[in-house]
Amino acid sequence: MVESKSQNSEVAQENIDPSEEEMDTDDGADVAVKMFTVEILRVIKDLQLQHGLRHGDFQRYRGYCSRRLKRLRKTLNLPQGDRRHYKKRDVTLVNLLVVPTSSCKLHIPLMLAERAWSYAMQLRQESNTELRKRYHLIQKLRKACGYALQLQALCASDHCDARTKLESEAYSAWMHGSLHFELGLWQTAAENLKKAQVIYENLAQAMPEEEQALYRAKVEELKPSLRYCAYNVGENASVNDLLEMRGQSGLLGSLGNLVAQTKAESMDAFQMTEWRGRSVTVRPEKVRLFLLSTQELGKSIEKAKDVPAKIELLETVLIDCKDSIAAIKEEIKSDPKLRPLERSTDGGPGLIGIQYLLAYMSYTRLKLTLDRNLFLVAQAKQTLDDPNIAEKGTSGGLVPGATAGKKSKPQDLSRLYEIILQNVTEMQQLAGMESDAGYQAEMEALSLSFRAFRCYYIALTLVAMKRWREAVAMYERSRKYASDAIGAKAVSSDFDLRPELQQLVATIEGCKFSAHAYSVLEDDGSEDSVLYGKTLKSSKPLYDRLSHYKEDATLNSRNPNVFKLVPEMEPIAAKPLFFDLALNFVEFPSLEDKVEQKAAGGKGTTAGMSGFVKGLFGWGGGTGN
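Residues numbered from 1 in each chain as written. Predicted model: local features only at pLDDT ≥ 70, side-chain atom pairs only at ≥ 80, totals over all residues. Heavy atoms only, no water.

Peer 1: Break down the overall build of the protein chain for me, citing the residues and quoting the values.
Peer 2: Along the protein chain, the regular secondary structure elements total 23 helices and four strands. Counting over 625 residues, the protein chain shows a buried share of 40%. As displayed, the protein chain offers around 37,000 Å² of accessible surface, 53% of which is attributable to carbon and sulfur atoms. (Helix = DSSP H or I, 4+ residues; strand = E, 2+ residues; numbered from the N terminus. Buried < 20%, exposed > 50% of the residue type's maximum accessible area, 1.4 Å probe, protein only. Areas by Shrake-Rupley, 256 points an atom, 1.4 Å probe, with all protein chains shown as cover.)

Peer 1: Report on the nonpolar core, specifying residues and quantitative values.
Peer 2: Counting residues in each nonpolar core, the largest one holds 69 residues, and the members touching the most others are M361 and F450. Counting residues per element, this core draws most heavily on helix α16 (residues 354–385), which supplies 16 residues. Look past the residues within four positions of M361 in its chain and what remains in contact with it is V287, F290, L291, C321, S324, I325 and I328. Counting 64 residues, the second-largest nonpolar core is a separate cluster that includes V91, I108, L141 and A144. (Core = buried A, V, L, I, M, F, W, Y, C linked by side-chain atoms within 4.5 Å. Contact = heavy atoms within 4.5 Å.)

Peer 1: Give a detailed account of the packing of helix α3 (residues 40–50) against helix α4 (residues 58–76), specifying residues and quantitative values.
Peer 2: In the contact formed by α3 and α4, the axes pass within 9 Å of each other and the chain directions differ by 120°. With respect to each other, α3 and α4 are oriented oblique. Considering the relative orientation of α3 and α4, their crossing is right-handed. Of the residues in α4, those touching α3 at I44, L47, Q48 and Q50 are R60, Y61 and Y64. (Axes fitted to C-alpha atoms, helices over the stretch in contact; angles between N-to-C directions. Parallel < 35°, antiparallel > 145°, perpendicular 65-115°, else oblique. Left-handed = near helix turned anticlockwise from the far one by under 90°.)

Peer 1: Give a description of the packing of helix α20 (residues 468–486) against helix α21 (residues 498–521) that names residues and reports values.
Peer 2: Across the interface, α20 lies against α21 with an axial gap of 9 Å and an inter-helix angle of 160°. With respect to each other, α20 and α21 are oriented roughly antiparallel. Judged by the sense of rotation from one axis to the other, the crossing of α20 with α21 is left-handed.

Peer 1: Can you explain the packing of aromatic side chains? Please cite residues and give values.
Peer 2: Under the definition given, this model contains 19 aromatic pairs. With centroids separated by 5.7 Å and ring planes inclined at 55°, the aromatic side chains of W117 and W174 adopt a geometry described as tilted. Of the two residues, W117 sits in helix α6 (residues 107–126) while W174 sits in helix α8 (residues 162–183), which places them 57 residues apart along the sequence. For the pair shown, W117 and W174 are each scored as buried. Ring centres of W468 and Y518 lie 4.4 Å apart, and the angle between their planes is 15°; this geometry places the pair in the stacked category. Of the two residues, W468 is situated in helix α20 and Y518 in helix α21; the sequence distance between them amounts to 50 residues. Classification of W468 by relative accessible area gives buried; the value is 10%. On the accessibility criterion, Y518 (45% relative accessible area) is partly exposed. Cluster of aromatic residues (ring-pair linked, three or more members): Y417, F450, F453, Y456, Y457 and Y475. (Phe/Tyr/Trp six-rings, centres within 6.5 Å; stacked < 30°, edge-to-face > 60°.)

Peer 1: Could you give an account of the environment of Q502, with specific residues and numbers?
Peer 2: With respect to the secondary-structure elements, Q502 resides in helix α21. On the accessibility criterion, Q502 (48% relative accessible area) is partly exposed. Taking the C-alpha atoms as reference points, Q502 and S483, 19 residues apart in sequence, are found 8.2 Å from one another.

Peer 1: So what's going on with the confidence of the model for the protein chain? Which residues, and what values?
Peer 2: When pLDDT is averaged across the protein chain, the result is 77; 74% of the residues are at 70 or more. When pLDDT is averaged over each element of the protein chain, α6 comes out on top at 92 and helix α2 (residues 28–32) at the bottom at 41. Confidence drops under a pLDDT of 50 for residues 341–349, and excluding neighbours within four residues, the segment shows 13 contacts in the predicted structure. In the predicted structure, residues 524–536 sits below a pLDDT of 50 and forms 17 contacts with residues beyond four places in sequence or in another chain. (pLDDT = per-residue confidence, 0-100.)

Peer 1: Break down the pattern of salt bridges for me, with residues and values.
Peer 2: Inspection of every chain in the model, using the stated rule, returns 20 salt bridges. Among the ionic pairs, R479 bridges to E476, the shortest N-O distance being 2.6 Å. Of this pair, R479 and E476 both sit in helix α20, three residues apart, which is roughly one turn of that helix. Judged by its relative accessible area of 31%, E476 falls in the partly exposed class. Across the pair D496 and R498 runs a salt bridge whose closest N-O atoms are separated by 3.0 Å. Members of the salt-bridge network, linked through shared partners, are E39, R42, R163 and E167. (Salt bridge = Lys/Arg side-chain N within 4 Å of Asp/Glu carboxyl O.)

Peer 1: Describe in detail helix α9 (residues 186–206), supporting the description with residues and values.
Peer 2: A rise of 1.5 Å per residue sets the reference length of α9, with its 21 residues, at 30 Å; its end C-alpha atoms lie 30 Å apart and thus fit the reference within 8%. In terms of residue burial, α9 counts as a mostly covered element, since 15 of its 21 residues are buried. (Expected span 1.5 Å × (residues − 1).)

Peer 1: I'd like to hear about the side chain of Q197, residue by residue, with values.
Peer 2: Structurally, the position occupied by Q197 is in helix α9. Those residues in contact with Q197, other than ones at most four positions away along the chain, are V219, L222, K223 and L226.

Peer 1: Please provide a residue-by-residue account of a nonpolar patch on the surface, values included.
Peer 2: Side chains of Y543, L546, V562, F563, L565 and V566 sit close together on the surface and give an oily, nonpolar patch of about 710 Å² of accessible area. Mapped onto the fold, V566 is located in the loop between β4 (534–535) and α22 (592–599). For V566, a relative accessible area of 65% translates into the label exposed. (Patch = residues over 30% accessible without salt bridge, like charges linked within 9 Å, V, L, I, M, F, W, Y side chains within 5 Å.)

Peer 1: So what about unusual backbone geometry? Which residues, and what values?
Peer 2: With a phi angle near 60°, N77 is a residue other than glycine that sits in the positive phi range. Mapped onto the fold, N77 is located in the loop between α4 and α5 (93–97). Taking the relative accessible area as the measure of exposure, N77 reaches 58% and is therefore exposed. At K466, a position not held by glycine, the phi torsion is positive, near 60°. Positionally, K466 belongs in the loop between α19 (437–464) and α20.

Shown next, in the form of structure tokens:
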């Protein structure tokens, strides 16, 4: 049963690809030399995985093949009769030469063979319960072999390249081997299957690396059938011996020439480059041009007049490298054939094909960035060692934190080495290179080298701040990193820093002892300690600091700070300026008579009290008054 819901999407997807359509408007002589290329194995594998065989649905794939044939015949104008009458019309050599010429005409016998084969595989599943369908299965396989022979005959002409000839021959041999396997003809089945296996093995060797996985997978797929055929043939006859006997009769006589032609075409179409002992195919044109332009990059850098010119040259190359990486990513995104089918299982870097090329180009970009940063370091060292260069203003503001006309500082160099270490970290984290032990060991040694330089310039920064103890610790850490990097077994061929590291170790020895001597003379408990680069001068006289040694130049001056002759003022208890003693000499009048009246009771007491108040304020006087 055909799934109608996916038919519209299949029509949109499976219309004739413009990239496959090869139009020719010249005369017949030009048409006669037209060369076709059909990647038979990849075409059928892609179609099988997209239309049912991923889940073993042969009926769905058979329906797709029928619809695909209908669209091909309609588009290529190769109908089989009209609506009322049917007239079989096979594709011939004459059809290949009819304008417009197209390699898609070879897809018609291929789809016919695939449709018959998928029908046979469907019947094979159903024959487990209905044995009668096995006869129908054999008939469908015979028909598939007939269409495979028709495809092989078309591809054997001069209008197809060597790769197409090999693939059609292998496809026909595999189809015949499958038929003979079902018939129980073990000897001929083994011969055909072995023939297909040999062709696919040679094709895998001749193809670019990203296309080899498909052919190697097909070779592995044929091995169980070959072992079963060898078991049924018996121990007296070896499959390889049978193949050699048939090869002498001329079946595989042209295999070597065709493989050589295929390899030559592959080499002409693509450029090969090598990285870490592995060849990789370069497909995008922009990447090929970039690799060609970088072959003389080393000589161009040597001819540059000064360091800024070298930095400018590397920045220009970096822009081209980034464009090449973008072209590779676009190629991977647009062409599904360039996507790897499987991961590497041999313990290698885990990348195949164009993805390995992407890793190589990413490494190249990081390497160029690292070279540029190292030139920045060299330029900063010039202004650090020779102040006259800084006065001329040659830095150009390229060093982060430094400007033209200013001398570089050790902290500027330590910042540059921090940026370089970030580049090395990105190199370690390249996609697909995590499992490459040799590559990771080289990057680790490179990281140790740059850590040693960074710690050295951090120590110089601490020395300028007179933080002697921290400087001694950083010198020691720098020496340890340098020693580990020198003793590393794996050293990057692009960055061999062992001579510079040995010179650094010799320099650190003297600097470390000097900083240690200053740290011994320093007294952290006194007020003369160094804090944030500023010395706190003491105001104590010599009399108060006799137990502490200090070279004080003021003692030899006219006003030595030995002892303070004028005593310092001390706080005392406060004394009042006026004492109120008059109250002690005041005599108050006697109030005894008033107290006696209060002691008496009755009306007199009340009248006496009120009379006292009235008399005091002038109230209640006598009537006579």
